[in-house]
Amino acid sequence: MISPLLQLAAEEEAQNPLIPEIPELVIGLIAFAIVFFVLGKKLLPNINKVLEERREAIEGGIEQAEIARTEAQSVLEQYKAQLAEARHEAARLRQEAQEQGAVLITEMRAEGQRQREEIVAAGHSQIEADRKAAASALRQDVGKLATELAGKLVGESLEDHARQSRVIDRFLDDLEEKAEASR
């Protein structure tokens, strides 16, 4: 009899280790089909769903970035337009201020000129009034002195006031006529 070890060794030699036995091959194919089915029905849709969400998120992010870039560009253009408008407005206000300043200076000069002319006219009027008052006071003083002198020369009092003033006025008028004629 052949020993069981030898028989086992003989069986092992008859079987090729690279070719699996039929029952193992069937069980392996069934297990592969189950795993393939489970992966195809459960896991693959979830993987596709996650990949689709990532793709949509990336595309949405690109679209949002493009929208944000477009919006930022329009805001920048608005800002530049407002800045240009503000600069234009500032230049216009400066120009208006310069024009108003020039008008004010012209008005102030005209007002100063007018006031100066009023002051000069008032000064001339005051001088003329003072001159007339001084002439009148001088005429009275000269008349009084002349009357006293004439009274001392004649030796009698010339106190008649009406006659005295006529003589004095006539004398002073003659003096004024001679002074005007010499001019």
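Everything quoted here is computed from the prediction, not taken from an experiment.

What to know about the packing of aromatic side chains
Scanning all chains against the criterion turns up one aromatic pair. Between the aromatic rings of Phe32 and Phe36, the centroid separation amounts to 6.2 Å while the plane-to-plane angle is 20°, which identifies the pairing as stacked. Of the two residues, Phe32 and Phe36 both sit in helix H2 (residues 22-154), four residues apart, roughly one turn of that helix. Judged by its relative accessible area of 55%, Phe32 is exposed. Residue Phe36 is classed as exposed on the basis of its relative accessible area, which comes to 58%.

Some details on the pattern of salt bridges
Summed over the entire model, instances satisfying the criterion amount to eight salt bridges. The partner of Arg55 in a salt bridge is Glu59, and the shortest N-O contact between them spans 2.8 Å. With Arg55 and Glu59 both in helix H2, this residue pair falls four residues apart, about one helical turn. Since its relative accessible area comes to 38%, Arg55 is described here as partly exposed. For Glu59, a relative accessible area of 39% corresponds to the partly exposed category. Among the salt bridges present, the one from Glu96 reaches Arg92, with a minimum N-O distance of 2.2 Å. Highlighted residues: Glu96 and Arg92, both in helix H2, separated by four residues, approximately one helical turn. Residue classification places Glu96 among the partly exposed residues on the basis of a relative accessible area of 30%. A single salt-bridge network, built from bridges that share partners, covers Glu52, Arg55 and Glu59.

So, the environment of Asn46
Mapped onto the secondary structure, Asn46 falls in helix H2. Residue Asn46 is classed as partly exposed on the basis of its relative accessible area of 46%. Within the structure, Asn46 has its side chain in polar contact with the backbone oxygen of Lys42 (distance 3.2 Å).

Cut-offs used in this document
Residues numbered from 1 in each chain as written. Predicted model: local features only at pLDDT ≥ 70, side-chain atom pairs only at ≥ 80, totals over all residues. Heavy atoms only, no water. Phe/Tyr/Trp six-rings, centres within 6.5 Å; stacked < 30°, edge-to-face > 60°. Helix = DSSP H or I, 4+ residues; strand = E, 2+ residues; numbered from the N terminus. Buried < 20%, exposed > 50% of the residue type's maximum accessible area, 1.4 Å probe, protein only. Salt bridge = Lys/Arg side-chain N within 4 Å of Asp/Glu carboxyl O. Polar contact = N/O pair within 3.5 Å; in protein donor to acceptor, adjacent residues only side chain to side chain.

Everything listed is a geometric property; what it means functionally is a separate question.
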